[in-house]
Protein chains: 2
Amino acid sequence: MSYVAPVKDMLFCMQELADLESVAKLPGFEDAGLETAQAVLEECAKFNEGVLAPLNFEGDKNPSSWKDGKVTTTPGFKEAFKQFGEGGWQGLQHPADFGGQGLPKTIGAACIEMLNSANVSFALCPLLTDGAIEALLTAGSPEQQQTYLPKMISGEWTGTMNLTEPQAGSDLALVRTRAEPQGDGTYKIFGTKIFITYGEHDMAPNIIHLVLARVAGAPEGVKGISLFLVPKFRLNADGSPGERNDAHCVSIEHKLGIKASPTAVLQFGDHGGAIGELIGEENRGLEYMFIMMNAARYAVGMQGIAVAERSYQKAVQYARDRVQSRPVDGSLPGSAPIIHHPDVRRMLMTMRSLTEGCRAMAITAAAAHDAQHASPDADARKQNQAFYEFMVPLVKGYSTEMSLEVTDLGVQVHGGMGFIEETGAAQYYRDAKILTIYEGTTAIQANDLVGRKTMRDGGQTAKAIAKQIEVTEAALAKSGTPAAQAMLKALSAGRAAFVDVVDFVVANGKTKPNAVFAGSVPYLMLAGNVVAGWQLARALLVAEAQLAKGEGDTAFLTAKVATARFYAEHILTRASSVRAAILEGADSVTALALDAF
Amino acid sequence: MSYVAPVKDMLFCMQELADLESVAKLPGFEDAGLETAQAVLEECAKFNEGVLAPLNFEGDKNPSSWKDGKVTTTPGFKEAFKQFGEGGWQGLQHPADFGGQGLPKTIGAACIEMLNSANVSFALCPLLTDGAIEALLTAGSPEQQQTYLPKMISGEWTGTMNLTEPQAGSDLALVRTRAEPQGDGTYKIFGTKIFITYGEHDMAPNIIHLVLARVAGAPEGVKGISLFLVPKFRLNADGSPGERNDAHCVSIEHKLGIKASPTAVLQFGDHGGAIGELIGEENRGLEYMFIMMNAARYAVGMQGIAVAERSYQKAVQYARDRVQSRPVDGSLPGSAPIIHHPDVRRMLMTMRSLTEGCRAMAITAAAAHDAQHASPDADARKQNQAFYEFMVPLVKGYSTEMSLEVTDLGVQVHGGMGFIEETGAAQYYRDAKILTIYEGTTAIQANDLVGRKTMRDGGQTAKAIAKQIEVTEAALAKSGTPAAQAMLKALSAGRAAFVDVVDFVVANGKTKPNAVFAGSVPYLMLAGNVVAGWQLARALLVAEAQLAKGEGDTAFLTAKVATARFYAEHILTRASSVRAAILEGADSVTALALDAF
């Protein structure tokens, strides 16, 4: 088996860290208890391990291709997408009103991870469709919702996000695509969009493009951008795909990774104008787009965890099989499987602990998302919203940056074989690199963390998280086991560093913006590291308590303690260096004269 | 221009850090003063910028290909290799007796960097030839030397290193290739070698394979391995290539990077036996091979610096050109080139300071190599040998690991464009990944650092380096400028961490080998970081002194101070975290049960 879903760890995170029991008490999620979670995850594992994982390497060797405006996906993708839809996987987290299963994100997040471990290139299609569904649920008219959502949620049609233009990447203020009102409620769209994931493909009979464009006379900058729905095929009166719309794929990109996922250049309106409908109100497009984007950012964070998990599994397998050199401690008489060598263990433990730490962080964040939306209590909704929104840049930024470290080590464990494409380890290294870039680069996540998530509330949410960490520290102190003590030392130092940096950001954000933004990505990495470490600290406490009581799966729990301790001693310890760089090194970031580079 | 050689920085490193003046006083290097260095570097820059750099992207798009046992290299490579030989570049550091130029490594190292910045795939051919030349110079018979060296040093014929077999990578004890004495002084060689760089190609009329093999009855393990010279074409009586030898390329690998460099599977003896000559004595093959390998390891370190430099230059160019978003400090009214954004500056400074730090370390090490070989004073030879040998794993290990960080940032600076292969930034990311693997993985370098370079002399060389660093610290304290103070703080903390780890390694290497080797790579990264930082500290002092006197190139020297300070505050500060992980986290590396992975 090329991939085995870590169902046990996912359920542990849900149950012990994200308090699935409480999620299942929220209105609407009554059926989403442990039993449901287990059943869904097992079914999901079966599909992803059996159908999508085997197509992953194939997609890299035999990627999507373009000819005469049409894109042909990797053999097997179309059939797999059919099965994906029929299995109800596209609708997992979407409302039952439109045919979805209405499961909480706490469970859905694990399914997203599996999907992306199995096949990140494939997974991008449903990921973008999810985003389009979210935007329509938020801002679409009832008629638009009735027309499009059932087909998208069932996995029949797919969706896209059309933001980027050659001159407008991170800076959407520069969007130039035009929308001309036709007087009949429709608009004609003209412009070029690039980097459109699954902007064209052969897996579905229709593609629903959501497109940012400007109506003539709109304000400059981001306040003059509207969101339009432009279907590849306009609909007949009966809702079936009819006339081809004037939105054409003129090329797809030749990329470092995620090669099976077609990245399209879309030309709107070269033959008279693409017909689109406005979504919501004019000039509020960016606001709606952010809804899609926030969901997508969280999902991209899960992609980081997913690729890391798969890279880890492959490296473990190789380290067990590859025999090379005698163990340094002389414990075996001859050459041994390389998993016996301490440095290979260090690499595998780094991969494992980063992956488990980020998974724990992401699933805990998902539970806050569920409470934010479903809690009957307004205060709880507000608190959970603040927490979740703080987590989004960490889940996106930290989990994807860590996936670069993990997939690098994944290649490294394989030695020379890792550099050979047939081995497959290098694919993860290549695939992962997009994750720190799309849906907002790590720097864009860090801007969000500094500006909207830290400065705006004067560091209140950040400090509230630090307080919660202190509660965990107190429990570690009370436990007093060697592992708990090691964790306590690293976590309290990490938390203190985090608080120092939050204070620095709040104090200087307005007066010394260059100094604060010079440390924005390091701050994000520090915060992600500490929050992931905190969740592993909680996991350690749960595991030790269960072991003490003789409950649960001893091997799993013992491994959790060992993994958490490794994270504390090797990953959390990075926090103090980052603190020093941010607080003391801000000026040297911008000291070099521009013409001296 | 796609690449501009950093001649100014190279000359600064040679003159101010590596004391080129002293090198030029060594017997044999009398002509190798600043004037020579400058002339050689400028000529070298012209060739690499003009001829090889433009072929780099082409080699990636249009790599070496195999058909019916023959390998065709990228169009342009053959002609470029002819120019390379005619320019005398292959013979740069080799003895004048055999047609070389006999330049010191202090100058040669910079030329190697340029060659690899321009085209790392191309550079591998001369790099391997250099290794074969070194081995023949050390262990070849006078006749072998007369027969082969002039042709190799002139760049007419190329050389290879045949170590790896499918079951024998890092563990050469497992080599199985056989050599059967024919009674006429020759041997017949039988076996399969993999990962043979430029094992077959069309750029030269002959290829001199150096091959590790076992003579029947030889001891088991590494003590039974001999080194053989197996030319692709056996020589006619007049020394010209004659009969085709039974050494055939059966395939080349499909790799993540360095695609233009053919990585061959060579089959020896499938048609009766490849005829080879013994080099040196039987069963001493590994010893000779290590001579090649040590030269090659240093050169691979230079490859790391080289790829990092090119990635940096490309990122700077993009950051100047790409306009996106307003500066956070409001210093410009509209969207600005992204080099104005603090996080882009942080990325560029990280790339720059790592590259300059490693270059300073490598060129200083090269001067020690020159003194080790050419000094008339036995004590000086011995001291310089100890220093140089300590440096080799750092130059190889740290410079290549840092090149992964730099080339990742190089892609990141480009945003989405970085992920598109046409941009070219991704090639460096892919190319760099082999550098931490071949000629000994980072773990193998770290084993060398721990075992041969630290434990064997009880930490004496390491401590001597720490003492030298303290001398620099004293000078920083005396200077007292803000930059010197910042450097002093980081360097003294880094040096203290280094000493702590050396003590730990020496104290526990024999009794707790797992604990020590669990921290071997972190120790290497710490040592490399501190030594590179130390060289930048020396550079800072020189630059500030010259600035104070109104001497030298103000812009260059000011930039050097800024770069060194950035390194101190953002890179050297990593040392304390690494120290903690090594000293306190050793047990958690190997705590997880083998079957729990």
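Note that the coordinates shown come from a computational prediction; the quantities given were computed from them, not determined experimentally.

Remarks on the UniProt feature "domain: Acyl-CoA dehydrogenase/oxidase C-terminal" (unreviewed entry) in chain A
Piece 1. Residues annotated by UniProt as "domain: Acyl-CoA dehydrogenase/oxidase C-terminal" (unreviewed entry) correspond here to residues 283-449 of chain A.
Piece 2. Summarising residues 283-449 of chain A: 73% helix, 0% strand, and an end-to-end C-alpha distance of 25 Å.

Quick notes on the nonpolar core
Piece 1. Counting residues in each nonpolar core, the largest one holds 388 residues, and the members touching the most others are A:Leu41, A:Leu348, A:Tyr523, B:Leu41, B:Leu348 and B:Tyr523.
Piece 2. Counting residues per element, this core draws most heavily on helix α6 (residues 105-139) of chain B, at 20 residues.
Piece 3. What B:Leu41 contacts, discounting residues up to four positions off in sequence, is B:Val7, B:Met10, B:Leu11, B:Met14, B:Ile107, B:Ala110, B:Cys111 and B:Met114.

With respect to helix α7 (residues 142-153) of chain B
Piece 1. Between its terminal C-alpha atoms α7(B) stretches 15 Å, which fits the 16 Å expected from twelve residues at 1.5 Å a residue.
Piece 2. After α7(B) finishes, the residue B:Gly155 shows a positive phi value of roughly 80°.

Focus on the interface of chain A and chain B
Piece 1. The interface is formed by 88 residues belonging to chain A together with 88 residues belonging to chain B.
Piece 2. Together chain A and chain B conceal approximately 7,500 Å² of surface at their shared face, both sides included; 62% is due to carbon and sulfur atoms.
Piece 3. Interface area lost by chain A to chain B is led by A:Phe419, A:Tyr429 and A:Phe597, which between them contribute 11%.
Piece 4. In this assembly, chain A and chain B are joined by four salt bridges.

Things to note about the state of the cysteines
Piece 1. On inspection of all chains with the given rule, the structure shows zero disulfides over all chains.
Piece 2. In this structure A:Cys44 is not part of a disulfide, and its nearest cysteine sulfur, from A:Cys111, lies 3.8 Å away.
Piece 3. The thiol sulfur of B:Cys358 is not disulfide-bonded, and the nearest other cysteine sulfur, from B:Cys13, lies at 11 Å.
Piece 4. What makes B:Cys358 buried here is its relative accessible area of 0%.

Considerations on the packing of helix α9 (residues 342-374) of chain B against helix α17 (residues 554-571) of chain B
The angle between the axes and the distance between the axes are what describe a pair of packed helices.
Residues and elements named next belong to chain B.
Piece 1. Two elements in contact, α9 and α17, have axes whose closest approach is 9 Å; the angle formed by their N-to-C orientations is 100°. Overall, the two elements α9 and α17 adopt an arrangement that is roughly perpendicular. Facing Arg-346, Met-349, Thr-350, Arg-352, Ser-353, Leu-354 and Glu-356 of α9, the residues of α17 in contact are Ala-559, Lys-560, Ala-562, Thr-563, Phe-566, Tyr-567 and Ile-571.
Piece 2. Of the residues that constitute the contact of α9 with α17, the class distribution is seven nonpolar, three polar and four charged.

What to know about the packing of aromatic side chains
Piece 1. Scanning all chains against the criterion turns up 25 aromatic pairs over all chains.
Piece 2. Measuring from ring centre to ring centre gives 6.1 Å for A:Phe81 and A:Phe122, while their planes differ by 55°; the resulting arrangement is tilted. Taken together, the positions of A:Phe81 in helix α5 (residues 77-86) and A:Phe122 in helix α7 (residues 120-139) put the pair 41 residues apart, joining distant regions of the chain.
Piece 3. A:Phe81 gets classed as buried once you look at its relative accessible area, which sits at 2%.
Piece 4. Ring pairing ties together the aromatic residues A:Phe47, A:Phe77, A:Phe81, A:Phe84, A:Trp89 and A:Phe122, which thus form one cluster.
Piece 5. If you follow B:Arg244 out to its NZ or CZ, it ends over the ring of B:Phe233, 5.5 Å from the centre.

Criteria and thresholds
Residues numbered from 1 in each chain as written. Chains lettered and ligands numbered in written order. Predicted model: local features only at pLDDT ≥ 70, side-chain atom pairs only at ≥ 80, totals over all residues. Heavy atoms only, no water. UniProt positions renumbered as here; feature names shortened; annotations may be inferred. Helix = DSSP H or I, 4+ residues; strand = E, 2+ residues; numbered from the N terminus. Core = buried A, V, L, I, M, F, W, Y, C linked by side-chain atoms within 4.5 Å. Buried < 20%, exposed > 50% of the residue type's maximum accessible area, 1.4 Å probe, protein only. Contact = heavy atoms within 4.5 Å. Expected span 1.5 Å × (residues − 1). Buried area = accessible area lost by both parts, 1.4 Å probe. Salt bridge = Lys/Arg side-chain N within 4 Å of Asp/Glu carboxyl O. Disulfide = S-S within 2.5 Å. Axes fitted to C-alpha atoms, helices over the stretch in contact; angles between N-to-C directions. Parallel < 35°, antiparallel > 145°, perpendicular 65-115°, else oblique. Nonpolar A, V, L, I, M, F, W, Y, C, P; charged D, E, K, R; others polar. Phe/Tyr/Trp six-rings, centres within 6.5 Å; stacked < 30°, edge-to-face > 60°. Lys NZ or Arg CZ within 6 Å of the ring centre and 35° of its normal.

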